[in-house]
Amino acid sequence: MAGWCLEKTNAPAKLEEFEFVDPVTDQTVYLSTSKTFSILCVGSRRFYFNRLTGKFDGTSAPSRSVADRVDLGKEVSDAANRGIVIVFE
């Protein structure tokens, strides 16, 4: 009954941090949280979800996988501190 009520009111799910290594592919999947986001990491990709609403917010990849990367320096650092996701795709 409680699950039904949570589903009908679109309440966000409570997620705990975890890490899982797939024994077949040796790929690591983990979930971490910040003040603003729940972050699902699959391999080198990160998927950001609003921690309050659970809605998908964006993705990121490590800088080494981005061709012709532009170093934004302080702006990227400041944006990260404010909880802004910068998507390099």
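Heads up: the structure comes first, above all this text.
On a predicted model such as this, the values are computed, not experimentally measured, just so you know. (Residues numbered from 1 in each chain as written. Predicted model: local features only at pLDDT ≥ 70, side-chain atom pairs only at ≥ 80, totals over all residues. Heavy atoms only, no water.)

(A) The pairing of strand 2 (residues 28-33), seen in detail. Where strand 1 (residues 18-21) lies against strand 2, 4 bridges are found, and the strand directions are antiparallel. Paired with Phe20 across the two strands is Val29, which belongs to strand 2. As consecutive antiparallel partners, strand 1 and strand 2 are separated by 6 residues, and within that stretch Asp26 has a phi angle of approximately 60°, a positive value. Bridge analysis of strand 2 against strand 3 (residues 37-42) gives 5 bridges, and the strand direction is antiparallel. Note on strand 3: the bridge partner recorded for Ser32 is Ile39. The turn linking strand 2 back onto strand 3 is made up of 3 residues. (Pairing = 2+ DSSP bridges. Helix = DSSP H or I, 4+ residues; strand = E, 2+ residues; numbered from the N terminus.)

(B) Inspection of the sheet that holds strand 2 at higher detail. Overall, antiparallel pairing links the 5 strands, which are arranged 1-2-3-4-5 in an open sheet. Single-partner strands in this sheet number two, and they are strand 1 and strand 5 (56-60). Strand after strand, the sheet turns through a mean of 15° between neighbouring axes, direction not considered. (Axes fitted to C-alpha atoms, helices over the stretch in contact; angles between N-to-C directions.)

(C) Expanded view of the packing of aromatic side chains. Scanning all chains against the criterion turns up 2 aromatic pairs. Residues Phe37 and Tyr48 carry aromatic rings whose centres are separated by 5.6 Å and whose planes lie at 80° to one another, so their mutual orientation is edge-to-face. Of this pair, Phe37 sits in strand 3 while Tyr48 sits in strand 4 (residues 45-50), and the two are 11 residues apart along the sequence. Here Phe37 and Tyr48 have matching classes, each one buried. (Phe/Tyr/Trp six-rings, centres within 6.5 Å; stacked < 30°, edge-to-face > 60°. Buried < 20%, exposed > 50% of the residue type's maximum accessible area, 1.4 Å probe, protein only.)

(D) Geometry of the pairing of strand 5. Direction of pairing for strand 4 relative to strand 5: antiparallel, over a ladder of 4 bridges. Note that in strand 5 the partner of Phe47 across the bridge is Thr59. Adjacent in sequence and paired antiparallel, strand 4 and strand 5 are bridged by 5 residues, among which Gly54 carries a positive phi angle near 80°.

(E) Geometry of the layout of surface pockets. A volume near 250 Å³ is recorded for the second largest pocket. The wall of the second largest pocket is formed by 13 residues, among which Ala13, Leu15, Ser38, Arg51 and Gly54 lie closest to the centre. Looking at the lining of the second largest pocket, the elements that each hand over two or more residues are strand 2, strand 3 and strand 4. Per-class residue counts for the lining of the second largest pocket are 6 nonpolar, 5 polar and 2 charged. (1 Å grid on protein atoms, 1.4 Å probe; cavity = no way out; pocket = protein on both sides within 12 Å on 5 of 7 lines; lining within 4 Å. Points joined across faces, edges and corners; volume = space filled by probe spheres on them. Nonpolar A, V, L, I, M, F, W, Y, C, P; charged D, E, K, R; others polar.)

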